[in-house]
Structure formats: structure tokens, C-alpha cells
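Structure at a glance
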Amino acid sequence: MYKYQLIKRSLFFKMLLLLKIPIYLKRFIALRKKGVSYKRLFIDANIWTTRKLDYIHFPFATQIIDREHYASVIGAKNTISFRGSDVNVFPIFHNMSYNSFWKYISRVHCNSEELRDKLLHEHGLDSETFLEVIHPALREDYHTNERELSDLVSKRSYENEHFVTIGRLHWVKDYPLIFQALRKLKNEGIQFQYTIIGHGQEEEHLMFLAKELEIEKNINWVGVANSTDIIALLKRSTLYLQSSYAEGFSNSCLEAQSQGLQCVVTNVSGMRVCIQKDVGGVIVSDRDYNSFADAIKSLIHQSFETRRSKGLNTAIKVNELFTRENQKKLWLNFFTN
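Residues numbered from 1 in each chain as written. Predicted model: local features only at pLDDT ≥ 70, side-chain atom pairs only at ≥ 80, totals over all residues. Heavy atoms only, no water.

**Description of the overall build of the protein chain**
In terms of regular secondary structure, the protein chain is built from 16 helices and ten strands. With the C-alpha coordinates of the protein chain rotated into their principal frame, the extents come out at 75 × 45 × 40 Å. Relative to its 337 residues, the protein chain shows a buried fraction of 48%. Put simply, the protein chain shows about 17,400 Å² of open surface, and 51% of that area lies on carbon and sulfur atoms. When the 45 positive and 37 negative side-chain charges of the protein chain are each reduced to one mean point, those points stand 11 Å apart. (Helix = DSSP H or I, 4+ residues; strand = E, 2+ residues; numbered from the N terminus. Buried < 20%, exposed > 50% of the residue type's maximum accessible area, 1.4 Å probe, protein only. Areas by Shrake-Rupley, 256 points an atom, 1.4 Å probe, with all protein chains shown as cover. Lys, Arg positive; Asp, Glu negative; His and termini not counted. Charge placed at Lys NZ, Arg CZ, Asp CG, Glu CD.)

Quick look at the structure:
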């Protein structure tokens, strides 16, 4: 009942704005003429009833659908971010392209060079459109200074292999590829534990598959975890695994490297930048569990000294390159250049 009353009050307030402030009524009529539904207009009233905006920024490209006219009506410009799901997944499952939206967009951001190339060559983005590639940055709680990193890596034990993945339990993450690779390792007598941090609709399917492959006792299902617990798990792990069909840029992989972990990942968007060359791990070209298993073995069979050295080097590079300060400068340039 209380929620219903809040909705009623909110709708009443928005209607009152239309009557009291003529410019809002004018915008309302203009957007209705462009085919924007009443429902959408009331949901987004905080946007088109804002007195002055320079830009309307859409953090995900799919958010601009049915909102493409807002900027022109209120005298602003549309800017938009394209991430992995926007480019690699959504257009396929909705049988659409972004061609009809480019005329409404003044500036484009994407978080990897591969996504930029796809937008230009597969989705019709004009090469003259202002476009900036801005990679994600490490969150502050993942940043560690060099002395602390050295101490962390020197204490890491590789006597018992403990692999880890952070990601929702979704088909796009392709956990079955990792499971098949792990079964191969187990059949070869390699001892390990594997922790999955995340939850999602594929949980039952994956639990069933783990039992079918006889690796269920090797897997720890953590579910949702906060950053403090995730960092603690990364520090206790020895290798990070990721088998996604598609990514924009993997924040989780970046976070794993920041804690001195080498990674085994599939060759998808952003990984060639995310994985630090020669020290960050292995990018597996073939979507084949044998190749994935071989990549894991190539890293765990390195000497402890080599693994610690590469782990420290990749952690230092990631902490230096992917900072919030660097990201802020690029975003400032995006909106002011």
C-alpha cells in the first residue's frame, strides 16, 4: 500500500510540473510527437525535466533505445558507452544494428580496441564520429604498493593449486569449457581446488555438469561476495581462469592480476590489453578444452620462483597502468575535447 501511495504521489508531482512549468509541457508534447510512450516519459521525467544539461550519457548502449530523442528536445547532446554485451551479444539476439542511432549520438566511448573496430566495421559507425577507448580502472581497494605486492607474492604457496574465477553463472561465461579442462587435469593426476565467485541462472546446470564430470569435490561455490572477501580469496589462489565467449574488457581478470595472479583466458575482446604481455598469463586461441588444459599446465609447471616473479611483475604493471587518475583524465577529455 505504501509503495502504491508513493507511485501516486510521484505521478501527481510530475503532472504538476507539466502544468506549472511551460517548458516542461513543451518538451513533453515534443517527445510525444516523436513517439515516446507515456510510460517511458513518466519513468524518465527526471531527465527531460532537468533545466540544463550539456550531455545525456548512456553507460550502456542498449539504454538509448526509446530515449534517443531526449537530448535534442532538451538542447543537450547524446554520448554513449559500448561494452561487450552491447556489441557482441545484444544485436545478435535482438536482430538489430545501431545504424539508426548514430545520427543522434555525438560522442562514443568503448572499453576496448576490439569493440571500437567492430563498431566501425560491423555496426556502421562513421569514422569521423568522436570516439574514445577508455579501459576500466582498478578500484581503490585493489590497488597495492610495490612493497606490499612483493610481500604478498613472496608468501604465495604453490604447493597446492587453487584456481579461481569471478563471474556470473551465465552461458556467455562458458564454464563448461573450464570444467572439461579440469576433468582432463584430474584424470592426469593433477591435484587442485577451483573456486567460483558469482551466482546466476546456470547454477543448477553447472552443478549437475560438475557431478557428471566427477569434479564436484574439487569445486567451491562461493556465490556473491564483497570486495574484501574476493581480495582475500585471490590472495589465497594460484591461478585465475576465464573462458568467456565474449567480453568487452574483463575487470575481474584485471583484479586478479592486481593481486599477483597469472591468468588463463580465452581470446575475446579486450584480453590482449588486459593480460600483461609475457607475464600476465596465457590467452588461449582455440575454444577447445584440451588447449585450455594445456595452457593451465604450462603455467603450473613453471618453477615457483618464475611464477612469483611473473606474478609480481604483472601486479606492478596493472597497478601502474589502470589507475583511477588515468581514467579520470581520459573521461575529462571525452567530455571537454
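**Considerations on the confidence of the model for the protein chain**
Residues with a pLDDT of 70 or more make up 94% of the protein chain, whose mean pLDDT is 89. Taken together, the stretch residues 1-9 has pLDDT below 50 and engages in zero contacts with residues farther than four places along the chain or on a different chain. (pLDDT = per-residue confidence, 0-100. Contact = heavy atoms within 4.5 Å.)

**Quick notes on the side chain of Ser244**
Looking at the element boundaries, Ser244 is found in the loop between β8 (239-242) and α12 (251-258). In this view, Ser244 contacts Val172, Lys173, Thr266, Val268 and Arg287; residues no more than four positions away in its chain are not counted.

**Re empty space enclosed by the protein**
Applying the stated criterion across every chain yields a total of one cavity of 30 Å³ or more. Reported here for the largest cavity is a volume of approximately 40 Å³. Along the walls of the largest cavity sit Thr165, Ile166, Gly167, Lys173, Tyr175, Gln242, Ser243, Ser244 and Glu247, which together make up its complete lining. (1 Å grid on protein atoms, 1.4 Å probe; cavity = no way out; pocket = protein on both sides within 12 Å on 5 of 7 lines; lining within 4 Å. Points joined across faces, edges and corners; volume = space filled by probe spheres on them.)

**What to know about the nonpolar core**
One finds Trp48, Ile56, Ile80, Phe82, Trp102, Val108 and Leu119 to be the most contacted residues of the largest nonpolar core, which totals 32 residues. Listed by contribution, the elements that provide at least two residues to this core are α2 (22-33), α4 (45-48), β1 (55-58), α5 (70-74), β2 (77-82), α6 (84-93), β3 (105-110) and α7 (113-121). Sort the elements by how many residues they give to this core and α5 lands first, with four residues. Beyond its immediate stretch of four places on either side in the chain, Trp102 contacts Phe82, Val108, Leu119, His123, Gly124 and Leu125. The next biggest cluster of nonpolar side chains, apart from the first, holds 29 residues, and it includes Leu209, Leu213, Ile219 and Phe292. (Core = buried A, V, L, I, M, F, W, Y, C linked by side-chain atoms within 4.5 Å.)

**As for the packing of helix α8 (residues 146-155) against helix α15 (residues 304-321)**
At a closest axis distance of 9 Å, the pairing of α8 and α15 adopts a crossing angle of 150°. What the angle tells us is that α8 and α15 run roughly antiparallel. Here α8 runs over α15; the crossing is right-handed. Across from Glu146, Leu149, Ser150, Val153 and Ser154 in α8, the residues of α15 making contact are Arg308, Gly311, Leu312, Ala315, Ile316 and Asn319. The residue inventory of the contact of α8 with α15, partitioned by class, reads five nonpolar, four polar and two charged. (Axes fitted to C-alpha atoms, helices over the stretch in contact; angles between N-to-C directions. Parallel < 35°, antiparallel > 145°, perpendicular 65-115°, else oblique. Left-handed = near helix turned anticlockwise from the far one by under 90°. Nonpolar A, V, L, I, M, F, W, Y, C, P; charged D, E, K, R; others polar.)

**Remarks on the layout of surface pockets**
Considered as a void within the structure, the largest pocket measures approximately 660 Å³ in volume. Lining of the largest pocket is provided by 30 residues; of these, Arg83, Glu247, Gly248, Phe249 and Asn251 occupy positions nearest its centre. Per-element accounting of the lining of the largest pocket gives the leading share, five residues, to α6. When the residues that make up the lining of the largest pocket are grouped by side-chain class, the tally is 13 nonpolar, 13 polar and four charged.

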